[in-house]
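Structural description and commentary
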Amino acid sequence: MHFTLADLITDITQNAVEAGADLVELEVSESDKEFRFLVKDNGKGMTEEELKRAIDPFVTDGVKHPNRKVGLGLPFLIQTAEQSGGGWNVQSEKGIGTTVTAWFDIGNVDIPPTGDIPGMFRTILMFNTSAEIVLRRLNLKNDENNEYEIRKTELVEALGSLEKTESLILLAEYLRSQEGE
C-alpha cells in the first residue's frame, strides 16, 4: 500500500525506468486546488491489450515479480485518484513509450498526504539506470510560482557519483533549497 502521493509517483516512475527507457520525465505540479503529476518514458510501451492488463489489479505478466499473481502499481494509482476526486490517464504505444498522468483534488478528505517531494526526487535520481531522468516541479500554492527542472546528467556532472554519501547529502540540500525549505 502507498501511504503518500510521493510513494505512488515513485512506483510509477520506477515502472518507467524498468520499461527500458533511456529518457524518463517526471513533472509534479501543485496548486491550492489540485496536485498533478505526469511520468513519461520512451521505453517499450504497451499494446492496447497489455494496457488493459496493466490496469487490472488481478493480472501480472509474471516477469517483473515472478512469484506475484497480481500487479498493483497502476490499479493503486487509479483507485487513489478516483477516491480523492481526481482522475488519471495512461497513453502507451508499443515501441514508443508510455505516459501516465494523474490528478488529485487537494480539498478532498480522501487524498493521501503529499509526502516528501525532495526525498522522492532524490530516490528517483538514485535509481540504478543509465537513463536520463528529467524532473520538473511547479508549485503554485499560496500564489507562489516556484518552478525548476533537474537533469540527472547535470547533477552527476556537478556532484560526481550519486552513490557517494557526500554527493547524496549535497543533493538532498540542493533539492530542499529548490522547494524553498
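Heads up: the structure comes first, above all this text.
Report follows, based on the coordinates.

Here is what the cut-offs are and how they apply
- Residues numbered from 1 in each chain as written.
- Predicted model: local features only at pLDDT ≥ 70, side-chain atom pairs only at ≥ 80, totals over all residues.
- Heavy atoms only, no water.
- Pairing = 2+ DSSP bridges.
- Helix = DSSP H or I, 4+ residues; strand = E, 2+ residues; numbered from the N terminus.
- Axes fitted to C-alpha atoms, helices over the stretch in contact; angles between N-to-C directions.
- Contact = heavy atoms within 4.5 Å.
- 1 Å grid on protein atoms, 1.4 Å probe; cavity = no way out; pocket = protein on both sides within 12 Å on 5 of 7 lines; lining within 4 Å.
- Points joined across faces, edges and corners; volume = space filled by probe spheres on them.
- Nonpolar A, V, L, I, M, F, W, Y, C, P; charged D, E, K, R; others polar.

**A closer look at the sheet that holds strand S4 (residues 97-105)**
Taken in spatial order, the six strands of this open sheet run S3-S4-S2-S1-S5-S6, and their pairing is mixed. Edge strands, defined here as strands with exactly one partner in the open sheet, are strand S3 (87-93) and strand S6 (146-151). Along the sheet, successive strands turn relative to each other by an average axial angle of 5 degrees, direction set aside. Strand direction decides the pairing type here: strand S2 (residues 34-41) and S4, joined by eight bridges, are antiparallel. Bridge pairing in S4 places Val39 opposite Val100. Here helix H5 (residues 152-159) sits on the sheet and contacts strand S5 (132-139) and S6; the angle it forms with S6, its principal contact strand, is near 75 degrees.

**Quick look at the layout of surface pockets**
Considered as a void within the structure, the second largest pocket measures approximately 160 Å³ in volume. Of all the secondary-structure elements, those providing two or more residues to the lining of the second largest pocket are helix H4 (117-125) and S5. For the lining of the second largest pocket, the per-class residue count stands at two nonpolar, five polar and seven charged.

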